[in-house]
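Observations on the three-dimensional arrangement
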Amino acid sequence: MRTHRALLAGAALLLPLAAGCGPDTDASHALENAMRTHITNADHRPVDSVSCSPRIHDTVRGQAAHLHCLVRFTDGTSYTAHATIQNQNSGGTHNLPDTYSWDVPPPPP
């Protein structure tokens, strides 16, 4: 099964994640935004919403969090993806952004 991988690149997203503040800066929310943007732009499937569970506020150093995400497209179809948030910080590395991977969407109907 193919998965997409994404790395947070925007400084505006990195600073709030590092600070861990505010209701919309949690790791789950960042994953949902990455999925929405990537699937809409790279897969050319406009996404209406992404909702992942369980909610993950912060990731644990060097660990991965596994989630299930419901992706709803603007055409009314949807799919469930297995997703992973990987914390890249371990040993001597610090302040690296989380990486994300998820199951690719099925072909459009």
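Before going into details, it helps to say that this report is about the structure given with it. Remember, predicted model here, so these are calculated numbers, not experimental data. (Residues numbered from 1 in each chain as written. Predicted model: local features only at pLDDT ≥ 70, side-chain atom pairs only at ≥ 80, totals over all residues. Heavy atoms only, no water.)

**Description of the overall build of the protein chain**
The line we're drawing: Put simply, DSSP marks the helices as runs of H or I at least four residues long and the strands as runs of E at least two long, and each gets a number from the N terminus on. Each residue is placed in one exposure class: buried if its accessible area under a 1.4 Å probe, protein chains only, is under 20% of its type's maximum, exposed if it is over 50%, and partly exposed if it falls in between. Contact criterion: two residues are considered in contact whenever any of their non-hydrogen atoms come within 4.5 Å of each other. We get accessible surface area from the Shrake-Rupley algorithm with a probe of 1.4 Å; when it comes to residues, only the shown protein chains can shield them.
Across its full length, the protein chain carries two helices and five strands. Put simply, the protein chain runs from its N terminus to its C terminus through helices and strands in the order β-α-α-β-β-β-β. Relative to its 109 residues, the protein chain shows a buried fraction of 37%. Counting only contacts in the protein chain whose residues sit at least 6 apart along the sequence, the fraction spanning at least 24 positions is 54%. Per element, the accessible surface of the protein chain, about 6,300 Å² overall, is 57% carbon and sulfur.

**Overview of the environment of Ser90**
Relative to the helices and strands, Ser90 is located in the loop between strand 4 (78-86) and strand 5 (99-103). For Ser90 and Arg61, which are 29 residues apart along the polypeptide, the C-alpha to C-alpha distance reads 5.8 Å. Not counting residues within four places of it along the chain, the set of residues in contact with Ser90 comprises Arg61 and Gly62.

**Structural notes on the nonpolar core**
Counted only if it meets this: The nonpolar core is taken to be a set of buried Ala, Val, Leu, Ile, Met, Phe, Trp, Tyr and Cys residues, with the residues joined through side-chain atoms within 4.5 Å.
By size, the foremost hydrophobic cluster in this structure holds 21 residues, and its most contacted members are Leu31, Met35, Ile39, Leu67, Cys69, Val71 and Trp102. Contributing elements (two or more residues each) for this core: helix 2 (27-41), strand 2 (47-53), strand 3 (64-73), strand 4 and strand 5. With six residues, the top contributor of residues to this core is helix 2.

**Some remarks on the packing of aromatic side chains**
To keep it simple, the criterion reads: What counts as a ring pair is set by centres within 6.5 Å for rings of Phe, Tyr and Trp (its six-membered ring), and what kind of pair is set by the plane angle: stacked under 30 degrees, edge-to-face over 60, tilted for all other angles. Working rule: Lys NZ or Arg CZ, within 6 Å of ring centre, within 35 degrees of ring normal, means a charge sits over the ring.
A complete count under the given rule lists one aromatic pair for this structure. A ring pair is formed by Phe73 and Tyr79, whose centres lie 6.0 Å apart and whose planes are at 10°; its orientation type is stacked. Here Phe73 and Tyr79 have matching classes, each one buried. Cation over ring: Arg45 sits above Phe73, and NZ or CZ is 3.9 Å from the ring centre.

**So, the pairing of strand 4**
As a general feature of sheets, a regular strand has side chains that alternate between the two faces. Applicable threshold: Only strands that DSSP links by at least two bridges are regarded as paired with each other.
Summarising the sheet, strand 3 and strand 4 pair through nine bridges and their orientation is antiparallel. Note that in strand 4 the partner of Leu70 across the bridge is Thr80. Taken together, strand 3 and the strand that follows it, strand 4, pair antiparallel across an intervening segment of four residues, in which Gly76 is found at a positive phi of about 95°. Pairing geometry for strand 4 and strand 5, over four bridges, is antiparallel. Paired with Ile85 across the bridge in strand 5 is Tyr100.

**With respect to the side chain of Arg45**
Put simply, the test is: The positive count covers Lys and Arg only, the negative count covers Asp and Glu only, and His and the chain ends enter neither. One speaks of a salt bridge when a side-chain nitrogen belonging to Lys or Arg is within 4 Å of a carboxyl oxygen belonging to Asp or Glu. Whenever a nitrogen or oxygen atom comes within 3.5 Å of another N or O atom, the pair is scored as a polar contact, on the condition that within protein one atom can donate a hydrogen and the other can accept it, and that pairs from neighbouring residues in sequence are kept only if both atoms are in side chains.
Along the chain, the position of Arg45 falls in the loop between helix 2 and strand 2. The charged side chain of Arg45 is buried without a salt bridge, its nearest counter-charge being Asp75 at 4.5 Å. Engagement of the side chain of Arg45 in a polar contact is seen with the backbone oxygen of Pro106, the distance being 2.6 Å. In contact with Arg45, other than residues within four places in its own chain, are Ile39, Thr40, Phe73, Asp75, Thr77, Pro105, Pro106, Pro107, Pro108 and Pro109.

**Let's talk about the pattern of salt bridges**
In the structure shown here, the tally under the stated rule is two salt bridges. Between Arg55 and Asp26 there is a salt bridge, with the nearest N and O atoms lying 3.3 Å from each other. Here the residue Arg55 occupies a position in the loop between strand 2 and strand 3, and Asp26 occupies one in the loop between helix 1 (11-19) and helix 2, the gap between them amounting to 29 residues. Residue Arg55 is classed as partly exposed on the basis of its relative accessible area, which comes to 46%. What you see here is one network of salt bridges that share partners, running through Asp26, Glu32 and Arg55.

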